[in-house]
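# Observations on chain architecture
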Amino acid sequence: MNACASSFHKAATEYIDSLSNSKGEWLTEQRRAATQRFTALGFPDAGHEAWRYTSVEGLLQQNFKITKNTQVFPEHEVIRQFLREPVAARMVFVDGIFHPDLSDTAGQTGLRVGSLGTAMATGDSSLLGGVGSLSGLGDHGFAALNMATLQDGVVIKVPTGMTIQQPIELLHIATKGLSGQALRTRHSVVLEADASANLVERYLSLDSESNYFNNLVCEISLEDGASLIHQRAQEESRKSYHLCDIHLDIQGNAHYQGINAALGGAWSRTTVHARLGGEGANIELDGFYLAGEGQLTDFHLDVDHSVANCESRENFKGILYGAGKAVFDGLIRVREQAQKSQAHLYNANLMLSRRAEIDTKPQLVILADDVKCSHGTTVGQIDDQALFYLRSRGLDKDQAKRLLSLGFASEIIDSFQCEYLREHLREEIVERMSFKI
Amino acid sequence: MLSIKNLKASVDGKAILNGIDLEVNAGEVHAIMGPNGSGKSTLAHILSGRDGYTVNDGEVHYLGQNLLDLETEARAHRGIFLAMQYPVELPGVNNMTFLRESMNAIRKARGEAEIDAVSFMKQVRHRAKQVKLDEKLLKRSVNTGFSGGEKKRNEILQMMMLEPQLAILDETDSGLDIDALRTVADGVNLLRSPDRALIVVTHYQRLLDYIEPDFVHVLASGRVIRSGGKALALELEEKGYEWLQEGAVA
Ligand SMILES: Nc1ncnc2c1ncn2[C@@H]1O[C@H](COP(=O)(O)OP(=O)(O)OP(=O)(O)O)[C@@H](O)[C@H]1O
Ligand SMILES: [Mg+2]
């Protein structure tokens, strides 16, 4: 173990020791096992295929600390970020810690929405059961560290047959004081049979310069016939680090629709592991990423058709400008028994600068013979004719590029269901790009 | 208003315009006709500032300025508008947003205040009705999936909203049905005024029944080989271009 890993190991062990005396169910056994796992795995490097283009060196050099901290922050700055529409429940996390005063968990009768921290403190085993059920102890060092030192997050259970129409809002705010620290957030969401819900999950920094590390794991189980719309937006500071592993288990006739936007971060990586585990399971993933000067953004998708008659569709679009860098890796696996699978994967990139870089890799591994699969990748520039058309109508080059870029992004941004979020993301894209195209 | 003298231009070393002379004054309508490939669109593009053409000789003055020195958008700010032969599709760019941003960019460049949302909406509805463009198309992406005729109407709508000093219509009539032709011509005529000028590129005399030109020019092989009044268009309709080209050689 190198010096960096051993200091994380030490910090994790101390953290677990500090928890073990408190009342409640702190998952200490799992945590200790995860610490061992971390020791065995270490941090991923370029030798791991999935990390080849996404170096973690810069992240490790930051030396982010594991601490338990509470910050003073102006509440109105958090409140002003709320979705501008009625919600079924709102969970607000500031610097990784649940804030009940700013939250609203009343919800519908039968719907269970709470914080992982509270569930551990009260030893609510019915909610804690989902933790680690899909992720295991972690398949890379960061995930194992998350399990070892997880702090807080949401635990949601939507009971059989219940429909939650309004969004459940998860808002994660980083204050200025968070710089230098590593957050370990863990979400566990279970939709029982035929339940449906709509999650809106956002990550924001109050200060555009703050420098911290969000290390997340999210586990979502959709039982037979369940349906989840999951809208995610990462809009953190350009100096932050964001790592999120999403594990999905989608059972028969269940439907998952994920809409992602990754705009911020010096370094941001999202991995979606989806297992289509029952016939008729269906997953749709849309994503938009934006990376400029000094930014790396990475999406890794791994969709596993493990039974017959499932469908998957992925459409990811990215805009790269300045010396921005992006990695897209879309893997679809169709197992031998997964006949009549339908899988379609598409990735398009708009390069606004010669210095920008994209590594895109669609991978179809198909072992069944009766399937409908397709994939496509494009890497292109702003169209000269379109640019001339806009300029001939009086727009200058920057305005024209802005309109065309938003046009490119709109296919994905428009699939966000909250109108406020769509508007907000458009503004955010424009603002972030106006640094220099 | 516009003065073109001995304009010669090429693309990738291939000569396309071989010495064009044209004088357009405020209040006038000029029709440009001529066989396919004679350089009509090229001339229109060079006037509106499209990249990719090399001007080898000649001068173009517009409202007392050297037009060729101006950026494309600066020409638009000074009142030049080109209705394109092939309007470009802009997927994801909302037609209404595009129109409003264009209007405001031009207003801003002229030191005028931005148009407020209510006046804009009123105006765009009114104009869309005049060119019989379905309001639904205003909410869609610019030209994306529009029919040929809808694209042309959309060009005319933009022209009416932007109220140019010098409008160049490049085959706006091609591909239009008879009713659409009428509508487009009506729109253009609404814009005619003593301080505006129009250059209408067309293959068909029919359009000129509706938009009556003061002058008709025939372009062939990158040169104006004949200029005349509107009777010239009728003559062309009857005899084609060949007699002129033969004449030019002789
Ligand atoms: N970008 C280019 N590269 C090469 N050749 C070009 C280019 N643009 C125009 N040309 C050539 O220049 C000539 C004039 O083209 P232009 O489009 O101006 O003709 P036009 O008079 O508008 O014809 P039409 O009536 O068919 O619209 C043609 O031979 C065309 O192929
Ligand atoms: Mg032409």
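The rules behind these values
- Residues numbered from 1 in each chain as written.
- Chains lettered and ligands numbered in written order.
- Predicted model: local features only at pLDDT ≥ 70, side-chain atom pairs only at ≥ 80, totals over all residues.
- Heavy atoms only, no water.
- Helix = DSSP H or I, 4+ residues; strand = E, 2+ residues; numbered from the N terminus.
- Rg over C-alpha atoms; globule rule 2.2 N^0.38 Å.
- Buried < 20%, exposed > 50% of the residue type's maximum accessible area, 1.4 Å probe, protein only.
- Contact = heavy atoms within 4.5 Å.
- Areas by Shrake-Rupley, 256 points an atom, 1.4 Å probe, with all protein chains shown as cover.
- Lys, Arg positive; Asp, Glu negative; His and termini not counted.
- Charge placed at Lys NZ, Arg CZ, Asp CG, Glu CD.
- Phe/Tyr/Trp six-rings, centres within 6.5 Å; stacked < 30°, edge-to-face > 60°.
- Lys NZ or Arg CZ within 6 Å of the ring centre and 35° of its normal.
- Pairing = 2+ DSSP bridges.
- Salt bridge = Lys/Arg side-chain N within 4 Å of Asp/Glu carboxyl O.
- Polar contact = N/O pair within 3.5 Å; in protein donor to acceptor, adjacent residues only side chain to side chain.
- Disulfide = S-S within 2.5 Å.
- Donors = N, O, S within 2.8 Å, 3.2 Å for Na, K, Ca; no water.
- Axes fitted to C-alpha atoms, helices over the stretch in contact; angles between N-to-C directions.
- Core = buried A, V, L, I, M, F, W, Y, C linked by side-chain atoms within 4.5 Å.
- Domains from an automatic or database assignment.
- Buried area = accessible area lost by both parts, 1.4 Å probe.
- Nonpolar A, V, L, I, M, F, W, Y, C, P; charged D, E, K, R; others polar.

## Considerations on the overall build of chain B
Looking only at helices and strands, one finds 10 helices and 12 strands in chain B. The C-alpha radius of gyration computed for chain B amounts to 18 Å, which stays within 12% of the reference 18 Å derived for 250 residues, consistent with globular compactness. The principal-axis extent of the C-alpha atoms belonging to chain B is close to 60 × 40 × 35 Å. Here chain B holds 250 residues, and 52% of them are scored as buried. Within chain B, contacts between residues separated by at least 24 positions form 69% of all contacts whose residues are at least 6 apart in sequence. As displayed, chain B offers around 11100 Å² of accessible surface, 47% of which is attributable to carbon and sulfur atoms. If the 30 positive side-chain charges of chain B are averaged to one point and the 35 negative ones to another, these points end up 5 Å apart.

## Remarks on the packing of aromatic side chains
Each aromatic ring pair is specified by the distance between its two centres and by the angle formed by the two planes. Residue and element names in this part refer to chain A. In this structure the tally under the stated criterion is 13 aromatic pairs over all chains. Three or more aromatic residues joined by ring pairs make a cluster, and in this case those are Phe8, Phe38, Phe43, Trp51, Phe64, Phe142, Phe213, Tyr241 and Trp267. Over the aromatic face of tyrosine 15 sits the side chain of arginine 184, whose NZ or CZ is 4.9 Å from the ring centroid.

## Looking at the pairing of strand E4 (residues 154-158) of chain A
Residue and element names in this part refer to chain A. Burial runs high along E4: 4 of the 5 residues are buried. Here strand E3 (residues 112-115) pairs with E4 via 4 bridges, running antiparallel. Each bridged residue has a counterpart across the sheet, and for serine 115 the counterpart in E4 is valine 154. Note: E4 against strand E6 (residues 182-191), 4 bridges, orientation parallel. Considered in E6, the bridge of valine 158 is made with leucine 191.

## Concerning the interface of chain B and chain A
With 32 residues of chain B at the interface, the matching set in chain A holds 20 residues. Across the chain B-chain A interface, the total number found is 4 salt bridges. Residue Arg402(A) is joined to Glu101(B) by a salt bridge in which the shortest nitrogen-to-oxygen separation is 3.0 Å. Run the count over chain B and chain A and you get 10 residue pairs in polar contact (both at pLDDT 80 or more). Within the residue set of the side of chain B that touches chain A, elements represented by two or more residues are helix H1 (40-48), helix H2 (72-77), strand E6 (80-83), strand E7 (90-94), helix H3 (95-109) and helix H6 (148-162) of chain B.

## Things to note about the state of the cysteines
All names here are of chain A. All chains considered together, the criterion is met by 0 disulfides over all chains. Looking at the unpaired cysteine 244, the closest cysteine sulfur is the one in cysteine 218, lying at 6.0 Å. With no disulfide partner, cysteine 418 has as its closest neighbouring cysteine sulfur the one in cysteine 218, 17 Å distant. Taking the relative accessible area as the measure of exposure, cysteine 418 reaches 2% and is therefore buried.

## As for the pairing of strand E12 (residues 267-276) of chain A
Residues and elements named next belong to chain A. Along E12, 8 of the 10 residues are buried, which leaves the element largely enclosed by surrounding structure. Bridge count for strand E10 (residues 241-250) against E12 is 10 bridges, and the pairing is parallel. Note that in E12 the partner of cysteine 244 across the bridge is threonine 270. Bridge count for E12 against strand E14 (residues 296-305) is 10 bridges, and the pairing is parallel. Directly across from serine 268, in E14, lies its bridge partner threonine 297.

## Digging into the coordination of the magnesium ion (ligand 2)
Residues and elements named next belong to chain B. All of the protein donors around the magnesium ion (ligand 2) are Ser41 (OG) and Gln85 (OE1); their distances to the metal are 2.0 to 2.2 Å. Placement of the pair is serine 41 in helix H1 and glutamine 85 in the loop between E6 and E7, with a sequence separation of 44 residues. Pair check on accessibility: serine 41 and glutamine 85 agree, each one buried.

## Things to note about the sheet that holds E10(A)
Residues and elements named next belong to chain A. As summarised here, the arrangement of the 9 strands in space is E3-E4-E6-E8-E10-E12-E14-E16-E18, forming an open sheet in which the pairing is mixed. Looking at the sheet topology across the chains shown, the edges are occupied by E3 and strand E18 (357-366). On average, adjacent strands in this sheet sit at an angle of 5 degrees to one another, irrespective of strand direction. Each of E6, strand E8 (213-222) and E10 touches helix H7 (residues 141-149); the most contacted strand, E8, lies at about 85 degrees to it.

## With respect to the nonpolar core
Of all hydrophobic cores here, the largest spans 72 residues; its most connected members are Phe288(A), Ile429(A), Leu2(B), Ile4(B), Leu47(B), Leu90(B) and Leu166(B). Tallying contributions element by element places helix H9 (residues 397-413) of chain A first for this core, with 8 residues. Residue contributions to this core reach at least three from each of two domains, namely domain 1 (3-383) and domain 2 (384-437) of chain A. In this structure, Ile164(A), Cys244(A), Ala254(A) and Leu301(A) belong to the second largest nonpolar core, which totals 58 residues.

## Comments concerning the sheet that holds strand E2 (residues 97-98) of chain A
Remark on secondary structure: sheet strands pair via backbone hydrogen bonds, oriented parallel or antiparallel. All names here are of chain A. Spatial ordering of the open sheet is given by E2-E1-E5-E7-E9-E11-E13-E15-E17-E19, a layout of 10 strands whose pairing is mixed. Two strands close off the open sheet at either side, each with one partner strand: E2 and strand E19 (372-380). Bridging between strand E7 (residues 196-205) and strand E9 (residues 227-235) involves 9 bridges; their strand directions are parallel. Paired with tyrosine 203 across the two strands is glutamine 234, which belongs to E9. Across the face of the sheet, helix H10 (residues 419-433) comes into contact with E7, E9, strand E11 (255-262), strand E13 (282-291) and strand E15 (311-320) while running at roughly 25 degrees to E9.

## Let's talk about the domain arrangement of chain A
All names here are of chain A. Partitioning chain A into structural domains gives domain 1 (3-383) and domain 2 (384-437). Here domain 1 and domain 2 have C-alpha centroids that lie 27 Å from each other. On the domain 2 side, the residues contacting the 38 residues of domain 1 number 28 residues. Between domain 1 and domain 2, a total of about 2800 Å² is buried, with carbon and sulfur atoms accounting for 67% of that surface. For the domain 1 face of the interface with domain 2, the top three residues by lost area are Lys317, Ile382 and Asp383, together amounting to 21%. Between domain 1 and domain 2 we count 1 salt bridge in total. Between glutamate 411 and lysine 317 there is a salt bridge, with the nearest N and O atoms lying 2.8 Å from each other. The interface formed by domain 1 and domain 2 holds 14 residue pairs in polar contact (both at pLDDT 80 or more) in total. Examining the composition of the side of domain 1 that touches domain 2, we find that 5 residues originate from one element, E9, more than from any other. Split into classes, the residues belonging to the side of domain 1 that touches domain 2 amount to 17 nonpolar, 10 polar and 11 charged.

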